[in-house]
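# Structural description and commentary
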Amino acid sequence: MTSHIHPSPHRRSVRRLVALSVAAVAVAASLSSCSAAGSASGTTTLEFQTAQSADSPLLKALTTVTDDFEQQHPDVKVDLRTGGNDYESQIKVRLAANNPPDLWSTHGWSRDRYSSFLAPLQDEPWAKDFNTALDPAMKNDDGQFFALPVDTAVSGLIVNETVLEKAGVSPDSLSDWDGFMAAVAKVADSGATPLTLAGSKDGSAGNAVDWLAPGAFSETQLASFTKGSFPEAGYQKVLDVLDRFRSEGWINKDYSSATGDDMAKALAENRAAFALSSNALVAQAQQYAPDAKLQFVPIPAMNGGDSYLIGGENTAFGAAKNGKHLDAAKQYLAFLAKPANDRKLAESTGSLPGLTNVTADLGPLAPSYRKWVTEEKVPLEPFFDRVYLPNGMWNTVVTTADGVIAGQSSPAASTSKVASDFSTLYKKTN
């Protein structure tokens, strides 16, 4: 993703999880914290950069919980800020200017990008309920962690069962790559869009790479990433797949202009069969069509190996360690960590809670969790870019994949660009 602030995760041993920066100053000024001073009445105001869009289900739940917090703590106000596609760049600028918000969403990087700016939280009262499945992604070698895990990302291939049924496809046939590709062809023949994706500003192309890449490499090839070697053949295999989907017309025609909301609508309106995205997309789709038959299944491996799920740190919030209102920020996080509150937040994302003392109603996705996580115990692979690529690579991953999907770049040329940036960034951070 953006350039390194903390050592890259690829310098650590890679574990396989089991289921369970004169312009910068200007931007910093425009995003300056409103919490530097309280109001005249003595009320403390916490600036919270949530990274959420104005219409996200999580923001709605977070607003409700925050209202409850403010009623119980009238001396503290929480300013919930929404985030756009440039959220990461904005946070980077804030940190470079030594002007962090009181609280911010760490979007998967609490340890490996933001830990030097965040307060350690392992001694908080709620820390005893930290989900140990998140240890490899969120804890450092000293057992410290730096964000409240609201939920645990466990995602797969999102499927629309109604579209599959119309195309004569059984979800069970998606267990291997050949079965998946045969299903894609049948869906296309039925008139539906096999794979819904959003344009580069949304990052959806990067998600497609993140979801498919773990199944494109051998264990030896994956290990080579951590040693500074970039196996180009495996990476191009992923982009070749996306190129084929483009050339066959298996991706929505409005891809370049489409947004995440358009993806949700395509699933809600039974116009698309598959999506490579977090389960928050399902929750968003069901705002449009509560009865939409959406589930997730394991991702088939294109190298012929076992299918897998993908995940790790998902929604997590940290507090600035040198923030002027750190005590109030920790008090707010502790409120979010209460079982009833964390339950609301996790349910809004359609994800497992990040704390073990919380049981969430996973709604329509409950069968998927029960079957693939609880019963089948399908292996959970970590998000590809967070473990195998140097920090600073995300933009390259997105733009090169987008170039392929938009027909503006070949898989070989895009792979070469990724390999070049990998080499440059790996040398800078090692």
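Provided above is the structure to which this section pertains.
Along each chain, the written sequence defines residue order, and numbers are assigned to residues from 1. Residues qualify for local features only when their pLDDT is at least 70, as the model is predicted, and side-chain atom pairs are given and counted only at 80 or more; totals for whole chains, interfaces and linings, by contrast, use all residues. Hydrogens and water are ignored here; the side-chain numbers use all heavy atoms of the structure.

## Observations regarding the packing of helix 7 (residues 204–212) against helix 9 (residues 232–247)
Contact pair helix 7 / helix 9: the axes reach a minimum separation of 10 Å and the direction vectors enclose 125°. Put simply, helix 7 runs oblique to helix 9. You can see that helix 7 and helix 9 cross each other, and the crossing is right-handed. On the side of helix 7, the interface is formed by Ala-208, Val-209 and Leu-212, while helix 9 contributes Tyr-235, Val-238, Leu-239, Val-241 and Leu-242. Its residues assigned to classes, the contact of helix 7 with helix 9 comprises 8 nonpolar, no polar and no charged. Fitting a line to C-alpha atoms yields each axis, with helices limited to the stretch in contact; the angle taken between N-to-C directions then spans 0 to 180 degrees. Numbered from the N terminus, helices here are DSSP runs of H or I no shorter than four residues, and strands are runs of E no shorter than two. Working definition: roughly parallel below 35 degrees, roughly antiparallel above 145 degrees, roughly perpendicular at 65 to 115 degrees, and oblique for all remaining angles. Here is the rule for handedness: rotate from the far helix to the near one, and if that takes an anticlockwise turn smaller than a right angle the crossing is left-handed, while a clockwise turn gives right-handed. Two residues form a contact once any of their heavy atoms are found within 4.5 Å. Under the grouping applied here, Gly and all other residues not named as nonpolar or charged are polar, the nonpolar ones being Ala, Val, Leu, Ile, Met, Phe, Trp, Tyr, Cys and Pro and the charged ones Asp, Glu, Lys and Arg.

## A short note on the environment of Ser-229
With respect to the helices and strands, Ser-229 occurs in the loop between helix 8 (219–225) and helix 9. Separated by 137 residues in sequence, Ser-229 and Lys-92 place their C-alpha atoms 27 Å apart. Beyond its immediate chain neighbours, meaning those up to four positions away, Ser-229 contacts Ser-224 and Phe-422.

## Focus: the sheet that holds strand 3 (residues 103–105)
Spatial ordering of the open sheet is given by 2-1-3-11-4, a layout of 5 strands whose pairing is mixed. In this open sheet, the two strands that pair with only one neighbour each are strand 2 (76–81) and strand 4 (148–149). Two strands pair if DSSP finds at least two bridges between them. Where strand 1 (residues 44–49) meets strand 3, 2 bridges bridge the pair, whose relative direction is parallel. Counted as the bridge partner of Phe-48 is Leu-103 from strand 3.

## Overview of the packing of helix 9 against helix 17 (residues 411–428)
Axis separation between helix 9 and helix 17 bottoms out at 9 Å; the angle between their running directions is 135°. Between helix 9 and helix 17, the angle is such that the two are oblique. Relative to helix 17, the crossing made by helix 9 is right-handed. Judged by residue contacts, Glu-232, Tyr-235, Gln-236, Leu-239, Asp-240 and Asp-243 of helix 9 engage Pro-411, Ala-412, Ser-414, Thr-415, Ser-416, Val-418 and Ala-419 from helix 17. Considering only residue class, the contact of helix 9 with helix 17 consists of 6 nonpolar, 4 polar and 3 charged.

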